[in-house]
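One letter stands for each residue in the lines below.
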Amino acid sequence: MPVERWSTAQVETLAPDAASIKAGRGLSAPLSWSATGRLDDVLWGQCRGYQVCVDLTGPAYRCSCPSRKIPCKHALGLLLLWADTGVATAPAPEFAREWQAARAAKAVAKPRAAATPDPAAAAKRAEQRAERVAGGMTELRRWLDDQIRQGLAGAQRSGPGPYEAMAARLVDAQAPTAAGAVRRLATIAGIGPHWADRLLGELALLRLLVTGYDRLAELPPELAATVRSRIGFPVATDDVLAGPHVADRWQVLGQVEVDDGALTTRRTWLRGASGRFALVLSFAAPGQPLVVDLVPGTEFRGELAFYPGAAPLRALVASRDSAAEPFTRPEGATTIAEALLNYSTTVAAEPWRFDAPVLLAGVIPGDDGWLVDETGAALPLAPGHSEPWWLLAAAGGRPATVAAEWSPAGLRPLAAWAEGSFVAAGPPVPTAGSARRAELPPEMLAAALVGTNRRPWAGDAPLLDAAAAALMRRRAGVLPGPGHAAVAAAPAETTAALPGRAGARLMRILGEGVPGGAQLAQELLSQWLAAASELGGHVPPAALPALLDAGRRNSIIRPALARVAGERGVWLAGLRDDWRWLRDEAKAPSLTTAFDWHTGGSGERLGHLTALRRSDPARARELVESTWAEDSSDDRARFVAAFATGLSEADDAFLERALDDRRKEVREAALELLRRLPGSGLRSRMAQRARAAVRRERRMIGADRLIVTPPEELDPGLRRDGVASTPARGIGVSAWLLEEIVAGAPLDTWAEPATMLRLARGNDWESPLLHGWAKAAVAQEDVGWATVLLNEVAGTLRESVRWDLHLVLPGAELGRLAADALRREDPMANRLLAIHPGSWPEELSVAVLETIAHRARNDRHSWQLGELCRAAAVAMPPAYADLVGRLALQLDQEPADASRVRPVADLARTLAFRQEMVDELKP
């Protein structure tokens, strides 16, 4: 049966570390591969001379590169290519056929017979170990009793020393697992809420373990195996695989990784069609990758071999009879009550088990950190998972199937299936406090804290035995929490979903899985949102939390983001304060429906005002005036800024009144509009002041000249009209006032720019005049004045003013200047490239490509090439991807420094990425 293509998320779970994901993504474009294909269940490809194979039934990997990581970046790149676009259909080369045949032969080969052990020697070793363990357990019993007699209150002062000493004794006694349990006590004593309750519970479980070992011969075989395992007796892998096998269709529910500094452990939970859960553990030393062969969200047919125990969960994959394939929803999900009943059965059979898997049907998050099912039963989420934005976004407040680990600390989600899609749980977020409550009776805690030497325990059984029984009753008898309400469901979407491949690319961008990494991710996100908003539709729900966080940090992308967030995005934003900006950016109420300006929210009023300014600006102005006195200063400033839509002379009087507002933000918003408004009172006043300060004297003999009489002080009228009171550094007061007056006057106050520049040349006040005209050209966006000023007097202008003039130029003209500077090797070229708006024109793109080719072959400093390639990555038209790719291949074949080839190859991948991004968002 053919294997269904995996999702990008499923492929990324195979990566041994984040760096491998990033490197694999860089090789996921077709341009990186000279040949690809598929041979049955084997993907193969050739990348820069390396031969790569991936067996999807394992998965298993083979690559001729020297990397020690499994899978390497080439295998990940091939899998990502297959997940994104599929692979070609070229005939399989010999290396792929040979590897496939070798794996098939290995699968049917008989295992080599192991050397026959000496039974007598083995029995003697077992007897010696049993004696050592028995001694260690006897010493542990005495130590536990001492802790209770002396009291736990002293644990805060004693530190980890006593626990480390007892753990070391158990290691000597060959009881490593029990030693680890004792060592963990040091992380509980005196730390966190209810520490005494947790410490007494762990001591009681250790005492129960000692009692179990004392009666090991009397216990049922399964429980005896559990006791031996908890003490540290090893079970050989071969022994497990030699035991019974359970054949089933196994669904991989999810994974959890724990890194304790000395070892990285991955817990992978599976569930068979028969209803049986299984736990597969994998381990790695620090710095070493974990072998990934079980992909969450996929299923396979095969056999598992379970470790012996009273509640057997841990297993080994004995064989696979099919390739891993995605599934839409797991089977056998239960209500919360049924899941707790199963947990109780597990804990009753194995008292030392803290957590167990649950598969919950139809659960919805509440607004208080609980999950609620359709019967009204609820369970709390564990600390770090109490705000499941990933689940709220994916399911939209509707019932979902959730796989999780349940423990007294709460639910730790693994994954969910919502609206037919698999969604991995989000990473835990550190939270203050703990949802866990005390599990043992207060009288037990009181006696344990002060010690039984001071407060004798009057129970029928010793204190630790009684605590173990109470703890088991509490855990096995836990009931669902009542009285918790699920969040209201999100409204249905009113637009179509964006194309699936476009949504997958958005997830890659948000995860910084793009060529160039985080440096380019923000710009690519902005471009993706702009293109998506033009197409129309809404983003994948799973992308919303990361997308809303991106909008929270970057206000520039908010308008485009709001157009693609959909109804679910607005709903989700309403549940979290720092995402509420989306509601302000969301679509305004329809002008065809009734809207109460006086009762609407801030964002709704702004949206309504902006829309109304397009159709009836006078009515919009009346609404703002009707509540002006009651509105907050922030709202007043935003409402004034909205007058940019439909701005006309009819708004002049209102904006003039806004110049007298008590808040600076409101005054500045009004000033910006009045300076742009032809015929405004402000422009007329500034023109009058400019004519009084600068007069053209016409002569009968000789050239005309300018008579300049600048104001000597800043009067209240100038201050009200926006003239700053503090001059720029190094400029006198009169010169500064002259510059500001000229900057505020309409440019049509003067003759044509060439004439005015000629008249100002040599004048004592030439500098403030030129700077005033330059600032006026910037404010009034006058291309003619800006061009003349840059061509004739750019060298005399302050740098900040000169560069502002460049922003007025059309993109084509700015591109021409940048291209000319590049060809002249003028350092100014880099700044011109940085301020160029939007996509580069053809002339500039060609000049940049020529410069890149030259620098890659000749420059001694690769950082200049790198900076140019990074600038081109987001501004060069993506259609240049093929040309840049050819250049990268040529450089790779030349005896060039690798540090110069790499930026060009990265540029080619980024342009190809952008081209694919554009193609995916075409109607």
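Scroll up a little and you will see the structure.
Described in the following lines is the structure provided in the data block. Model, not experiment: these values are computed from the prediction.

**Some details on the overall build of the protein**
Regarding its fold elements, the protein presents 39 helices and 18 strands. Projecting the C-alpha coordinates of the protein onto the three principal axes gives extents of approximately 130 × 70 × 55 Å. Pairs at least 24 apart in sequence give 68% of the contacts found in the protein among residues at least 6 apart. On the protein, roughly 43400 Å² of surface is accessible, and the fraction owed to carbon and sulfur atoms is 52%. Side chains of the protein give 106 positive and 110 negative charges; the mean places of these two sets differ by 3 Å.

**A look at the sheet that holds strand β11 (residues 356-365)**
Within a sheet, neighbouring strands are paired by backbone hydrogen bonds and run either parallel or antiparallel to one another. Spatial ordering of the open sheet is given by β13-β12-β11-β14-β15-β16, a layout of six strands whose pairing is antiparallel. The outermost strands of the open sheet, each flanked by one partner alone, are β13 (378-380) and β16 (421-424). Neighbour-to-neighbour, the strand axes of this sheet turn through a mean angle of 40°, independent of strand direction. Of the pairings in the sheet, the one linking strand β14 (residues 400-407) to strand β15 (residues 410-418) comprises seven bridges and is antiparallel in character. Within β15, the position partnered with W406 by the bridge is L411. Set on the sheet, helix α12 (residues 336-349) makes contact with β11, β12 (370-372), β13 and β14; between it and β11 the angle comes to about 165°.

**Quick word on the pattern of salt bridges**
All told, the structure shown has 55 salt bridges when counted by the stated rule. Where D651 meets R621, a salt bridge forms, and the shortest distance between an N and an O atom there is 2.6 Å. With D651 in the loop between α24 (633-641) and α25 (652-658) and R621 in helix α23 (residues 617-626), the pair connects residues that are 30 residues apart, well separated along the chain. Taken individually, D651 and R621 each receive the classification buried, so the pair is uniform in this respect.

**Quick notes on the packing of helix α2 (residues 18-26) against helix α3 (residues 73-84)**
Two elements in contact, α2 and α3, have axes separated by 7 Å at closest approach and are oriented at 55°. When the interaxial angle is binned, α2 and α3 end up oblique. With respect to the hand of their crossing, α2 and α3 are arranged in right-handed fashion. Note on element contacts: α3 touches α2 through K73, L76, G77 and L80, opposite S20, I21, A23, G24 and R25. A per-class count over the contact of α2 with α3 returns four nonpolar, three polar and two charged.

**Details of the sheet that holds strand β4 (residues 60-63)**
Taken in spatial order, the four strands line up as β1-β2-β3-β4 in an open sheet, and their pairing is antiparallel. At either end of the open sheet lies a strand with only one pairing partner, and these are β1 (35-39) and β4. Neighbour-to-neighbour, the strand axes of this sheet turn through a mean angle of 15°, independent of strand direction. Note: strand β2 (residues 42-47) against strand β3 (residues 50-55), six bridges, orientation antiparallel. Residue pairing across strands places Q46 opposite Q51, the latter belonging to β3. Packed onto the sheet, α3 meets β1, β2, β3 and β4 and runs at close to 60° relative to β3. Packing of helix α4 (residues 94-108) onto the sheet brings it into contact with β1, β2, β3 and β4, and relative to β3 it is tilted by some 40°.

**Some points on the nonpolar core**
Ranked by size, the top nonpolar core spans 140 residues in total, and within it W528, W773, V848 and V904 carry the most contacts. Ranked by the residues each element gives to this core, the list is headed by helix α39 (residues 898-920), at nine residues. Setting aside residues no more than four positions away along its own chain, W773 makes contact with L706, V742, L747, W750, M756, L757, A760, W785 and L789. Core analysis: the second largest hydrophobic core is formed by 76 residues, Y213, L379, A394 and A416 among them.

**Remarks on the pairing of β4**
In the case of a regular strand, side chains alternate between the two sheet surfaces. Inspection of the sheet shows β3 paired to β4 by four bridges, in the antiparallel sense. Across the sheet, C53 pairs through a bridge with R62, a residue of β4. Connecting β3 to the antiparallel partner β4 that follows it, the hairpin turn spans four residues.

**Considering helix α32 (residues 783-793)**
An α-helical segment advances 3.6 residues per turn. Residues three or four places apart therefore align on the same side. Of the positions making up α32, those classed as buried are W785, A786, V788, L789, L790 and V793. Contacts made by the buried residues of α32 are with α30 (753-760), α31 (766-780) and α33 (799-806). By the N-cap criterion, in which a side-chain oxygen at the helix start approaches the backbone nitrogen of a residue two or three places on, α32 is capped by D782, the distance to G784 being 3.1 Å.

**A closer look at the environment of R314**
In this fold, R314 is placed in the loop between β8 (298-306) and β9 (315-320). Placed 46 residues apart in sequence, R314 and T268 show a C-alpha to C-alpha distance of 9.7 Å. Residue contacts for R314: discarding those within four places in its chain leaves L279, L281, F283, F306 and Y307.

**Looking at the side chain of R267**
Inspection of the secondary structure assignment puts R267 in strand β6 (residues 264-272). The exposure class assigned to R267 is buried, which follows from its relative accessible area of 17%. Of note is the side chain of R267, whose polar atom sits 2.7 Å from the side chain of E405. Discounting residues that sit within four places of it in the chain, R267 has contacts with G254, Q255, V256, V258, L279, V280, L281, D355, E405 and R412.

**Some thoughts on the packing of helix α16 (residues 500-510) against α39**
Interaxial distance between α16 and α39 falls to 9 Å at its minimum, and their mutual angle equals 140°. Judged on the interaxial angle alone, α39 and α16 are oblique. You can see that α16 and α39 cross each other, and the crossing is left-handed. Between α16 and α39, the residues in contact are R501, A502, R505, R508 and I509 and F913, E916, M917 and E920, respectively.

**A short note on the side chain of E920**
Structurally, the position occupied by E920 is in helix α39. By relative accessible area, which is 10% here, E920 ends up buried. A distance of 2.7 Å separates a polar atom in the side chain of E920 from a polar atom in the side chain of R505. Those residues in contact with E920, other than ones at most four positions away along the chain, are P499, R501, A502 and R505.

**Remarks on the packing of aromatic side chains**
For the structure shown, the criterion picks out 13 aromatic pairs. Ring geometry for W143 versus Y163: centroids 5.8 Å apart, planes at 80°, classification edge-to-face. One end of the pair, W143, is in helix α5 (residues 119-150); the other, Y163, is in helix α7 (residues 161-172), with 20 residues separating them in the sequence. Given the relative accessible area of 12%, W143 is considered buried. A relative accessible area of 4% means that Y163 is categorised as buried. Taking 6.4 Å as the distance between ring centres and 50° as the angle between the ring planes, the aromatic pair formed by W250 and F306 counts as tilted.

Calculation rules
- Residues numbered from 1 in each chain as written.
- Predicted model: local features only at pLDDT ≥ 70, side-chain atom pairs only at ≥ 80, totals over all residues.
- Heavy atoms only, no water.
- Helix = DSSP H or I, 4+ residues; strand = E, 2+ residues; numbered from the N terminus.
- Contact = heavy atoms within 4.5 Å.
- Areas by Shrake-Rupley, 256 points an atom, 1.4 Å probe, with all protein chains shown as cover.
- Lys, Arg positive; Asp, Glu negative; His and termini not counted.
- Charge placed at Lys NZ, Arg CZ, Asp CG, Glu CD.
- Pairing = 2+ DSSP bridges.
- Axes fitted to C-alpha atoms, helices over the stretch in contact; angles between N-to-C directions.
- Salt bridge = Lys/Arg side-chain N within 4 Å of Asp/Glu carboxyl O.
- Buried < 20%, exposed > 50% of the residue type's maximum accessible area, 1.4 Å probe, protein only.
- Parallel < 35°, antiparallel > 145°, perpendicular 65-115°, else oblique.
- Left-handed = near helix turned anticlockwise from the far one by under 90°.
- Nonpolar A, V, L, I, M, F, W, Y, C, P; charged D, E, K, R; others polar.
- Core = buried A, V, L, I, M, F, W, Y, C linked by side-chain atoms within 4.5 Å.
- Polar contact = N/O pair within 3.5 Å; in protein donor to acceptor, adjacent residues only side chain to side chain.
- Phe/Tyr/Trp six-rings, centres within 6.5 Å; stacked < 30°, edge-to-face > 60°.

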